[in-house]
Amino acid sequence: MTVLVVPEDFRYDQYILKPLFSRLFAYLGRPRARVKVCQDPLLGGVHEALKLERIQEVVDQHEGMTDIFILCVDRDGEEGRRQRLDKIEDKFDGGRSFLAECAWEEIETWALAGLDLPKGWNWANVRAEIHVKENYFEPLARDRGVADGPGGGRKALGEESARHIPAIRSKCPEDFDRLAHRLGALL
């Protein structure tokens with residue numbers, strides 16, 4: 001089984017999404033699923049990732065080699081983003097497995113959900129923050145001494161976080177766990 005995770009911009013998100021989805025598929029009973037992160041075409045941001053013509057480019061380029069497409073974007077405080085993703089799913093799911101999810105509020109939130117947070121940090125505050133990357137993820141990467149690594153620390157922290165899929169699912173029920181349930185139903 002080949003899974004293509006389509007981020008809004010792979011340059012940073014790949015370091016979180018690949019380990020998380022590789023471990024999630026193993027957790028769902030598919031340890032040999034080949035998880036790839038779409039790098040071509042580069043969508044270059046959430047606004048491009050929400051355009052039907054850009055998603056069509058991805059599907060056209062990877063169809064026949066991909067069993068499941070998963071579009072992952074940041075919610076960025078946009079309350080209507082889920083409805084927009086529903087429309088994209090309706091357009092592209094016909095005859096193929098195409099799911100879309102928005103991380104509440106940023107992909108980095110999923111990584112933080114699987115990590116031990118510093119003393120004094122409250123998960124409810126992290127989860128409620130729109131600018132998770134700047135206010136929580138980047139400071140944690142600096143504190144852990146991994147900010148100069150690949151993806152600004154996302155590789156190290158993404159791999160560490162991926163070892164804790166149940167924690168991520170329980171802390172992120174509206175997005176990551178919802179997607180995990182939907183994927184489990186597909187499998």
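Our structure is the block above this text.
Residues numbered from 1 in each chain as written. Predicted model: local features only at pLDDT ≥ 70, side-chain atom pairs only at ≥ 80, totals over all residues. Heavy atoms only, no water.

Draft legend 1. How the structure looks around the sheet that holds strand β2 (residues 34-37). One open sheet holds the 4 strands; their spatial order is β2-β1-β3-β4, and the pairing between them is parallel. The two strands at the open ends of the sheet, each matched to only one other strand, are β2 and β4 (97-103). Looking at each pair of strands side by side, their axes are set apart by 20° on average, direction ignored. The sheet contact formed by strand β1 (residues 2-7) and β2 spans 4 bridges and is parallel. Note on β2: the bridge partner recorded for Val 5 is Val 37. Here helix α1 (residues 10-27) sits on the sheet in contact with β1, β2 and β3 (68-74), set at roughly 165° to β2. Sheet contacts for helix α3 (residues 52-62): β1, β3 and β4; angle to β3, the most-contacted strand, approximately 150°. (Pairing = 2+ DSSP bridges. Helix = DSSP H or I, 4+ residues; strand = E, 2+ residues; numbered from the N terminus. Axes fitted to C-alpha atoms, helices over the stretch in contact; angles between N-to-C directions. Contact = heavy atoms within 4.5 Å.)

Draft legend 2. Molecular detail of the pattern of salt bridges. All chains considered together, the criterion is met by 18 salt bridges. Glu 89 serves as the salt-bridge partner of Arg 82, at 3.4 Å between the closest nitrogen and oxygen. Here Arg 154 and Glu 108 are joined by a salt bridge, their closest N and O atoms 2.9 Å apart. Of this pair, Arg 154 sits in helix α8 (residues 154-162) while Glu 108 sits in helix α5 (residues 107-113), and the two are 46 residues apart along the sequence. Taken as a pair, Arg 154 and Glu 108 share a single burial class, namely buried. (Salt bridge = Lys/Arg side-chain N within 4 Å of Asp/Glu carboxyl O. Buried < 20%, exposed > 50% of the residue type's maximum accessible area, 1.4 Å probe, protein only.)

Draft legend 3. Here's a closer look at unusual backbone geometry. In this model, Asp 40 is joined to Pro 41 through a cis peptide bond whose omega is 5°. Relative to the helices and strands, Pro 41 is located in the loop between β2 and α2 (46-49). Cis geometry is adopted by the peptide bond preceding Glu 105, which originates at Trp 104 and carries an omega value of 0°. Mapped onto the elements of the fold, Glu 105 is located in the loop between β4 and α5.

Draft legend 4. Broad picture of the pairing of β4. Across the 7 residues of β4, 7 count as buried, placing the element largely inside the fold. The alternating pattern of β4 places Ser 97, Leu 99, Glu 101 and Ala 103 and Phe 98, Ala 100 and Cys 102 on opposite faces, both of which are buried. In this sheet, β4 lies alongside β3 in parallel orientation, the contact comprising 7 bridges. Looking across to β4, one finds that Ile 70 is bridged to Leu 99.

Draft legend 5. Focus on the packing of α1 against α8. Relative to each other, α1 and α8 sit at 15°, their axes nearing to 8 Å. Judged by the angle between their axes, α1 and α8 are roughly parallel. Here α1 and α8 pass one another in a crossing that is right-handed. On α8, the residues touching Tyr 12, Tyr 15, Ile 16, Pro 19, Leu 20 and Arg 23 of α1 are Arg 154, Lys 155, Gly 158, Glu 159, Ser 161 and Ala 162. Split by residue class, the contact of α1 with α8 holds 6 nonpolar, 2 polar and 4 charged. (Parallel < 35°, antiparallel > 145°, perpendicular 65-115°, else oblique. Left-handed = near helix turned anticlockwise from the far one by under 90°. Nonpolar A, V, L, I, M, F, W, Y, C, P; charged D, E, K, R; others polar.)

Draft legend 6. How the structure looks around helix α7 (residues 132-143). Relative to the 16 Å expected for 12 residues at 1.5 Å per residue, α7 spans 15 Å between its end C-alpha atoms, a close match to the ideal helical length. Considered for burial, the residues of α7 that qualify are Val 132, Tyr 136, Phe 137, Pro 139, Leu 140 and Ala 141. Those residues of α7 that are buried are in contact with α1, α5, α6 (123-128) and α8. Gly 145 sits one or two positions beyond α7 and adopts a positive phi of about 75°. (Expected span 1.5 Å × (residues − 1).)

Draft legend 7. How the structure looks around the environment of Gly 153. Secondary-structure assignment places Gly 153 in the loop between α7 and α8. Residues Gly 153 and Leu 140, 13 residues apart in the sequence, show an inter-C-alpha distance of 9.0 Å. Residues in contact with Gly 153, not counting those within four places in the same chain, are Phe 137, Ala 141, Val 146 and Ala 147.

Draft legend 8. Spatial organisation of the nonpolar core. Of all hydrophobic cores here, the largest spans 37 residues; its most connected members are Phe 21, Phe 25, Ile 70, Trp 110, Leu 112 and Leu 183. For this core, the element with the most residues is α1, which contributes 6 residues. In contact with Leu 183, not counting residues within four places along its chain, are Phe 21, Leu 24, Phe 25, Leu 28, Ile 68, Ile 70 and Leu 99. Among the nonpolar cores identified, the runner-up in size contains 19 residues, and Leu 43, Leu 50, Leu 71 and Ala 100 belong to it. (Core = buried A, V, L, I, M, F, W, Y, C linked by side-chain atoms within 4.5 Å.)

Purely spatial values, then, with no claim about function.
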